[in-house]
Amino acid sequence: MIPIAAALAFALDGPARSLVVIGPLVTYSLVPVAIVAFWWEDWPGTALAPRWLAGWLNTLFIVAFGVGLTFLGQLIAGGVDPRGVFDPNPGPGHLPTFPATLPLAGAAFAAMLQFTLVCEGWPLRKLRRRVPAGLLAGVLAFGAALLVYYFVADVRPPPSSGLHTQTGPMAGASLGALLVTTGAWQTWLYVTWRGWPFNLIQRRWLRLSVANVCVIAGGWATYTLIHLAVSPGLIIAGAAAFTAAALSVSMLFENAVRPHITATMDKWLSVTTVSAVAVILYVVLTAYAHTVNFGHFEPSEFVVHACLNALAFSVITHVAVGRRWPFARDLA
């Protein structure tokens, strides 16, 4: 997993160029990752024999899907321009995808997680065919993201970029901070704590109502309290480090300790470990980022890219899509 994460963070001639090119492509690929991993149960790769090819096929599918969605996001933001997608310095008259198109991608992934984890996929889980259900989930996520983009986001790209200006109540950085903070709550409660305490509620309508209110209110309250003293960029970086740590600890090392301790101890030990790993990630990546010249971009933006687009993406694809190949016995 580590070489893949390093490639995503540094492969395009260093961290600065990787940030502005690979960053948007991977961010738009997060929704396809969720569809393949959580809705399609690794289809279309599962149609292959031998099974070890499944993860590679799914990864190629996710990359192609992500590139297509990046172009869609660019079209919504201003128009289609391949040079703006793949060139870190596209020049005047071209449409760069970083950072103007990221609010749409971030909102889509946050909505996808909310719908898949917090809402338990209801009511689309009732559909007998998983492929249409997953596609509909993705459409709903992007529909919610479009509403956020057009009515909430305030995006003001450079005049020479050719991208549209969006007027809304929240600046792009502030909206990003709120979305990533909410994502930290989603991963904490539904990945690290496996849906506790909401899974104690038997009635689905009540469980889903309470869960949605708690996760959204928790993300909003956390952002509201922290942003009084911390800039949105640092909030995003800190929440991204926590999310990456939660996925790494709770997915890569799933059940490594849990069977040997009590449920209460597991909850406290897991959140303590995740917090410690998050601090380490944030401190190390921030220290490194300040040694690199990112031009007019902030070092904290690389921390976000390294945590979410490199580390978290690698964890999800390795565990949930690749099924831990080549280490899983059932894939040997």
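The structure displayed is predicted, hence computed values, not measured ones. (Residues numbered from 1 in each chain as written. Predicted model: local features only at pLDDT ≥ 70, side-chain atom pairs only at ≥ 80, totals over all residues. Heavy atoms only, no water.)

Bringing the packing of helix 5 (residues 102–118) against helix 6 (residues 130–151) into the picture now. For the pair helix 5 and helix 6, the least separation of the axes is 8 Å and the interaxial angle reads 130 degrees. Taken as axis vectors, helix 5 and helix 6 run oblique relative to one another. The hand of the helix 5/helix 6 crossing is right-handed. For the pair helix 5 and helix 6, contact is made by L104, A107, A108, A111, M112 and F115 and by A137, G138, L140, A141, F142, A144, A145, L146, V148 and Y149, respectively. (Axes fitted to C-alpha atoms, helices over the stretch in contact; angles between N-to-C directions. Helix = DSSP H or I, 4+ residues; strand = E, 2+ residues; numbered from the N terminus. Parallel < 35°, antiparallel > 145°, perpendicular 65-115°, else oblique. Left-handed = near helix turned anticlockwise from the far one by under 90°. Contact = heavy atoms within 4.5 Å.)

In this section: the nonpolar core. Counting 102 residues, the largest nonpolar core has W39, M112, Y190 and M251 as the members making the most contacts within it. Ignoring any residue separated from it by four or fewer positions in sequence, one finds Y190 in contact with L117, V118, G195, F198, A211 and V215. (Core = buried A, V, L, I, M, F, W, Y, C linked by side-chain atoms within 4.5 Å. Buried < 20%, exposed > 50% of the residue type's maximum accessible area, 1.4 Å probe, protein only.)

What follows is about the packing of helix 9 (residues 232–252) against helix 10 (residues 263–289). At a closest axis distance of 8 Å, the pairing of helix 9 and helix 10 adopts a crossing angle of 130 degrees. Between helix 9 and helix 10, the crossing angle belongs to the class labelled oblique. Pair helix 9 / helix 10 crosses with right-handed handedness. Contacts between helix 9 and helix 10 involve L234, A237, G238, A241, F242, A244, A245, A246, V249 and S250 on the former and, on the latter, T273, V274, S275, V277, A278, L281 and Y282.

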